[in-house]
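# Geometric and topological summary
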Amino acid sequence: MKRLTYWMCCAALGLVALLATTKANAATDQDKQFLTTASQANVDEIKLSELAEHKATDPAVKAFAHKMVVDHEALGRKMKPFATSWGLTAPTTMDSDHQDEWNKLNGMSGHDFDKEYMDAMVKDHDQAYDLFSKEVDETQDAKFKATVESAKSVIAAHKNMAHDLQGKL
């Protein structure tokens, strides 16, 4: 009888530990909202930067735009497993504000284009950095937190590059 009680207690403790771990790693509504917002920002950055790869005249702006496309595509791939497991569908088109910015940029050329694109990149990366910083502080999902922290360091580098390049134009 003692042996049976012992095994039942062990099983119960194991179940409690499993449930606690599962709950601690479950996505919160805030995590899902963050991922939705970050995914949209990612699409926006890629689309604007693809345009800049073709229209920018300053070689440094062109190089920056190419880096944005490559890095943001990689960030999207890192976030996709979380979106899939949480039942979220990643956006494929720009939001209306960024579509307006794309339309504006598409009508520009030369130095004016380069400056407007870099102004948009500074603004977007400042906002993204704040968004990622908040999520790193607040998420309870350890795997997601590690991914967001890694992405935050990439966003910080982009932010610094955008500010530096904007200052040179």
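Preceding this section is the structure that the text describes.
A quick note: this is a predicted structure, and the numbers were derived from the prediction, not measured. (Residues numbered from 1 in each chain as written. Predicted model: local features only at pLDDT ≥ 70, side-chain atom pairs only at ≥ 80, totals over all residues. Heavy atoms only, no water.)

Turning our eyes to something else, we now look at helix H3 (residues 59-85). Across its 27 residues, H3 extends 40 Å between first and last C-alpha, which sits within 8% of the 39 Å expected from 1.5 Å per residue. The largest bend in H3 comes to about 35°, at Met 79, with the proline Pro 81 one to four residues further on. Among all positions of H3, only Val 61, Phe 64, Ala 65, Met 68, Val 69, Asp 71, His 72, Leu 75, Met 79, Phe 82 and Ala 83 are buried. Among the residues of H3, the N-terminal cap falls to Asp 58, whose side-chain oxygen and the backbone nitrogen of Ala 60 are separated by 2.7 Å. Gly 87 sits one or two positions beyond H3 and adopts a positive phi of about 75°. (Helix = DSSP H or I, 4+ residues; strand = E, 2+ residues; numbered from the N terminus. Expected span 1.5 Å × (residues − 1). Bend = angle between axes of the 7 residues up to and from the residue. Buried < 20%, exposed > 50% of the residue type's maximum accessible area, 1.4 Å probe, protein only. Polar contact = N/O pair within 3.5 Å; in protein donor to acceptor, adjacent residues only side chain to side chain.)

If you look at the biggest cluster of nonpolar residues, it comprises 17 residues, and the most contacted ones within it are Phe 64, Phe 113, Tyr 117, Met 118 and Met 121. Looking at this core, the elements with two or more residues in it are helix H2 (29-55), H3, helix H5 (110-138) and helix H6 (142-168). Take this core: its biggest share by element is 5 residues, from H5. What Tyr 117 contacts, discounting residues up to four positions off in sequence, is Leu 48, Ser 49, Ala 52, Val 61, Phe 64, Ala 65, Met 68 and Leu 105. Core analysis: the second largest hydrophobic core is formed by 15 residues, Phe 82, Ala 128, Val 136 and Ile 155 among them. (Core = buried A, V, L, I, M, F, W, Y, C linked by side-chain atoms within 4.5 Å. Contact = heavy atoms within 4.5 Å.)

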